[in-house]
Amino acid sequence: MNNLIQVSPYSIFSISAGRKVRCFLLAIGLCIPSLATAEKFKELAVSPQMGWNSWNTFACNVDEKLIRETADAMVASGMAAAGYQYVNIDDCWHGERDARGNITADKEKFPSGMKALADYVHSKGLKLGIYSDAGTKTCAGYPGSLGHEYQDALTYAEWGVDYLKYDWCNTEDINPKGAYRVMRDALKTAGRPILFSICEWGDNQPWEWASDIGHSWRTTGDIYPCWNCEFNHGSWSSWGVLRILDKQEGLRKYAGPGHWNDMDMMEVGNGMSEAEDRAHFSLWAMLNSPLIAGNDIRNMSETTRKILTNRDVIAVNQDSLGVQAMKFIDTGIVQIFAKPLSGGEWAFLFLNRSEDTVKITHDWEFHHLKDDIFNYSIDFKQQKFSYRDLWTGKKGDTQKPLNLSIPRHDIVMIRLQPKKN
Ligand code: GLA
């Protein structure tokens with residue numbers, strides 16, 4: 001365990017061997033980290049992070065057996081080969097702080113300790129994620145990191161943690177930008193590259209201030225496994241797939257490599273229909289959201305596995321251009337999203353939001369597509385593309401109108417490739 005003793009958000013009495021925090025010494029003998037900002041780890045999340053998180057299915061029922069089995073399943077299911085990397089423990093892993101204030105893991109849930117668990121996850125070629133909170137307590141009432149940021153960052157680094165989801169419960173009177181910056185600096189100072197996932201639910205518009213702080217920021221409250229519902233918990237609500245989608249309006253300009261709009265962990269395999277799961281996954285891919293599975297991947301159906309491992313859809317999400325899809329047609333029933341990809345390719349998604357099958361004819365030549373934010377455009381009269389449906393494999397080209405029959409709550413997603421003249 002490290003020797004750092006931290007007694008307030010900003011005061012540090014000693015630093016573990018070999019590590020230094022630039023700091024100001026105050027007359028009263030406290031040491032405050034210098035305001036010269038550290039940087040976040042720039043090499044992380046160059047494309048949206050992919051992995052799994054325990055919360056949506058297991059809530060507080062987390063233990064080392066679950067995490068080990070999930071790591072095994074990530075490899076055995078083909079998810080690791082498809083790009084999933086992070087195995088993330090959400091809330092409720094914590095024990096008490098020890099006499100020096102160091103955070104410990106719950107000894108009953110994690111008897112072998114976090115370091116051994118990280119070693120196991122790493123031995124599978126995967127990475128381990130953990131969860132904390134910027135306030136006094138986590139959302140489930142476990143110790144938060146307020147006043148222990150540098151100390152906790154060192155502990156995570158010593159354990160071999162690779163990812164931190166940092167929540168926003170119990171933060172009354174705390175400045176969000178400052179709080180997330182302190183933890184960013186603490187992680188950077190601890191020295192181990194740890195992806196920093198901001199979970200502040202969009203309450204303080206993190207897209208406006210967090211691009212040099214975190215690698216992603218939640219844009220909304222929690223997801224719920226339904227198509228278009230609001231699930232009211234009393235003082236807060238969680239949201240279905242379309243509700244979260246609609247809250248992304250205006251945010252695409254803020255996202256890019258290393259700093260993504262996070263639409264929350266996925267609910268694929270958690271009770272929605274196959275069409276809804278396919279639509280949910282495809283939309284998260286198009287909007288460059290982190291792809292963090294939230295189902296029990298040890299026991300998933302083949303249908304769920306196939307959705308989560310669709311490599312063509314994942315490739316759209318992970319494309320090196322890193323440009324989030326734009327919505328360019330919205331009839332209220334059907335919405336069409338377009339995403340520029342590297343090499344002059346594009347992904348298109350046709351979403352049927354309604355309760356009935358819709359038939360549409362999309363005549364490409366009537367459309368001149370312009371992305372005023374990132375400066376991409378297509379004049380379909382001039383440029384011709386061939387395309388492939390990323391779920392059925394069907395092929396076509398933009399010289400003929402596209403006739404689609406899209407079942408309720410479903411999508412069609414295609415990838416366009418420029419034709420050589
Ligand atoms: C908040 C977060 C969730 C989850 C829970 C854990 O609600 O938004 O994603 O981490 O806390 O308590």
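See the structure above.
The structure reproduced in this document is the subject of the present report. Computed from a predicted model, the values in this text were never measured in an experiment.

**Things to note about the sheet that holds strand 18 (residues 334-340)**
Moving on, step 1. Taking strand neighbours across the sheet as the criterion, the 6 strands line up as 17-18-19-26-23-24 in an open arrangement whose pairing is antiparallel. Two strands in the sheet have a free side with no partner beyond their single neighbour: strand 17 (326-330) and strand 24 (395-397). Each adjacent strand pair in this sheet contributes to an overall mean axis angle of 25 degrees, direction not counted.
Moving on, step 2. Bridge count between strand 23 (residues 385-389) and strand 24: 3 bridges; the pairing is antiparallel. Note that in strand 24 the partner of Tyr387 across the bridge is Gly396.
Moving on, step 3. Contacting strand 18, strand 19 (346-352) and strand 26 (411-418), helix 8 (residues 274-286) crosses the sheet at an angle of about 140 degrees to strand 19.

**Some details on the environment of Ser238**
Moving on, step 1. Looking at the secondary structure, you find Ser238 in strand 14 (residues 237-239).
Moving on, step 2. As a C-alpha pair, Ser238 and Pro111 span 127 residues in sequence and 33 Å in three-dimensional space.
Moving on, step 3. With near-sequence residues (within four places) excluded, Ser238 lies in contact with Asp222, Ile223, Tyr224, Cys229, Glu230, Phe231 and His233.
Moving on, step 4. Within polar-contact distance, the side chain of Ser238 engages the side chain of His233 at 2.7 Å.

**Comments concerning the pairing of strand 5 (residues 50-53)**
Moving on, step 1. Neither face of strand 5 is exposed, since Met50 and Trp52 on one face and Gly51 and Asn53 on the opposite face are all buried.
Moving on, step 2. Sheet analysis places strand 5 next to strand 16 (residues 291-293), joined by 3 bridges and oriented parallel. Looking at strand 16, one finds that Gly51 is bridged to Ile292.
Moving on, step 3. As defined by bridge partners, strand 5 adjoins strand 6 (residues 86-88) across 3 bridges and the pair is classed as parallel.

Criteria and thresholds
- Residues numbered from 1 in each chain as written.
- Predicted model: local features only at pLDDT ≥ 70, side-chain atom pairs only at ≥ 80, totals over all residues.
- Heavy atoms only, no water.
- Pairing = 2+ DSSP bridges.
- Helix = DSSP H or I, 4+ residues; strand = E, 2+ residues; numbered from the N terminus.
- Axes fitted to C-alpha atoms, helices over the stretch in contact; angles between N-to-C directions.
- Contact = heavy atoms within 4.5 Å.
- Polar contact = N/O pair within 3.5 Å; in protein donor to acceptor, adjacent residues only side chain to side chain.
- Buried < 20%, exposed > 50% of the residue type's maximum accessible area, 1.4 Å probe, protein only.

As far as function goes, none of this settles anything; it's purely spatial.
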